[in-house]
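# Summary of structural features
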Amino acid sequence: MDIPTVALGNGRSIPLVGLGTHNMMGRPCIGAVSSAIEAGYRLIDTAPRYCNELSVGMGVVKSTTRRDELIIQTKLSGGDQGFDEAINAAKESARRLGVGYIDVYLIHWPCPSLGRTVDSWKALLTLADEGYVRTPGVSNFKQHHLQMLYDETGCWPAINQIQCSPALPRTELREFMAARGIHAQAWHPTGRKQGLLADPVILRIARKYGKSPTQIALRWAVQHGIGVVPKSSHAGRQQENADLFDFELDATDLADLATLDQGEGAAKDSDVHEEF
Ligand SMILES: NC(=O)c1ccc[n+]([C@@H]2O[C@H](COP(=O)([O-])OP(=O)(O)OC[C@H]3O[C@@H](n4cnc5c(N)ncnc54)[C@H](OP(=O)(O)O)[C@@H]3O)[C@@H](O)[C@H]2O)c1
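Residues numbered from 1 in each chain as written. Predicted model: local features only at pLDDT ≥ 70, side-chain atom pairs only at ≥ 80, totals over all residues. Heavy atoms only, no water.

Of all hydrophobic cores here, the largest spans 77 residues; its most connected members are I14, V17, V33, Y105, L146, I216 and L257. Every residue in contact with L146, bar those within four places of it in the chain, is listed here: V138, F141, W156, P157, N160, L173, F176, M177 and I182. (Core = buried A, V, L, I, M, F, W, Y, C linked by side-chain atoms within 4.5 Å. Buried < 20%, exposed > 50% of the residue type's maximum accessible area, 1.4 Å probe, protein only. Contact = heavy atoms within 4.5 Å.)

Quick look at the structure:
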């Protein structure tokens, strides 16, 4: 299975579909990572908060794919924000993952109460200069958080991983990002916690194309150029979640899906929500 890639603002590229690993640990995580890679996934998303970097690394080793064909993406926890702290945390993540460099390293949440977001971003830029990180980026950043990084450093992140699905299309935020060359990658892209997959609109479109409701939610994203990192511990569902490139939603489908927007208020507010 060949998963298409998109170009990033820093000259690198990233697959439109990767494997999410939240809530997977130990043996099941090792198995899920290696089965996804065997199926054709080349991007694996993890975080220290998921307590599975070691297992993700073991899944990578278990696969037969070369390290330089894979994109390992992990994140800086809120508790590790700060310049020196972030440098150390990245090296600890690389050690747990068993890799010499991290492909994509994201500030997990802005955590404004700490006041260390800019120092953390400067650390990520330093890690990139020194070759420990290939692509520095962020997650859960709103427009003003992104602007603050640019104002202080003159550098936009290449990626912002955000909560995004047809139920939470985040249109204004994505337009702001697109205008600045920031790739949108969606977490919780299936929208199942928002009740998306049981919605009659999704069910109708799924029947029309002979696809599952999950595939319709994911196709909506990739058709807009939004990357997705669906999590599944089942090899069959991993294949289903990447099998999105043999059909196209038409204008009527897209207009119908646009009616499912629950509004920015339904997304986790990263001015308030913090994770450490
Ligand atoms: N940056 C952040 O703050 C942040 C926050 C949350 C998540 N994330 C990342 O984003 C990833 C995805 O988000 P998520 O895990 O919250 O949600 P998700 O990928 O939208 O949904 C995962 C759930 O859907 C099920 N599932 C997946 N594919 C399916 C299919 N084809 N048919 C039926 N069920 C299916 C999975 O169960 P099975 O495993 O049983 O298939 C799992 O229970 C995470 O794993 C994590 O890597 C990042």
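From this point, the discussion proceeds with the structure in view.
Right, let's talk about the site of the ligand for a bit. Contacts to the ligand come from 26 residues, most closely from D45, Q161, T190, S232 and R237. Here an oxygen atom of the ligand sits 2.6 Å away from a polar atom, N or O, in the side chain of S232. The protein chains hide 85% of the 900 Å² of surface that the ligand would expose on its own. Class assignment for the residues of the shell around the ligand results in six nonpolar, 14 polar and six charged. (Near = heavy atom within 4 Å. Polar contact = N/O pair within 3.5 Å; in protein donor to acceptor, adjacent residues only side chain to side chain. Areas by Shrake-Rupley, 256 points an atom, 1.4 Å probe, with all protein chains shown as cover. Nonpolar A, V, L, I, M, F, W, Y, C, P; charged D, E, K, R; others polar.)

One can describe the packing of helix α7 (residues 200–209) onto helix α8 (residues 213–223) by two numbers: an axis separation of 8 Å at closest approach and a directional angle of 95 degrees. As summarised for this structure, α7 and α8 are arranged roughly perpendicular, according to the angle between their axes. Each of I202, L203, I205, A206 and Y209 in α7 lies in contact with α8, whose residues at this interface are P213, I216 and A217. Looking at the contact of α7 with α8 residue by residue, the classes come out as eight nonpolar, no polar and no charged. (Axes fitted to C-alpha atoms, helices over the stretch in contact; angles between N-to-C directions. Helix = DSSP H or I, 4+ residues; strand = E, 2+ residues; numbered from the N terminus. Parallel < 35°, antiparallel > 145°, perpendicular 65-115°, else oblique.)

Spatially, eight strands are ordered β3-β4-β5-β6-β7-β8-β9-β10 in an open sheet, and the strand pairing comes out parallel. One side of each edge strand has no neighbouring strand; the edge strands of this open sheet are β3 (19–20) and β10 (227–228). Sheet topology places strand β8 (residues 159–163) next to strand β9 (residues 183–187); five bridges connect them, and they run parallel. Bridge pairing links I162 to A186 in β9. (Pairing = 2+ DSSP bridges.)

Okay, helix α6 (residues 171–179) next. Quick reminder: α-helices carry 3.6 residues per turn. Residues three or four places apart thus point the same way. Listed as buried for α6 are L173, R174, F176 and M177. Buried residues of α6, seen end-on, are gathered within an arc of 160 degrees and therefore sit on one face of the element. When the buried face of α6 is taken as reference, the exposed residues oriented beyond 90 degrees from it are E172, E175, A178 and A179. Looking at the buried side of α6, the elements it contacts are α5 (143–153), β8, β9 and α8. (Arc of directions from axis to C-beta.)

Between its first and last C-alpha atoms helix α4 (residues 117–129) spans 19 Å; for 13 residues at 1.5 Å apiece the expected length is 18 Å, and the two agree. Within the sequence span of α4, burial applies to T117, V118, S120, W121, A123, L124, L125 and L127. Its buried side turned inward, α4 meets β5 (71–76), α3 (83–97), β6 (102–107), β7 (133–139) and α5. (Expected span 1.5 Å × (residues − 1).)

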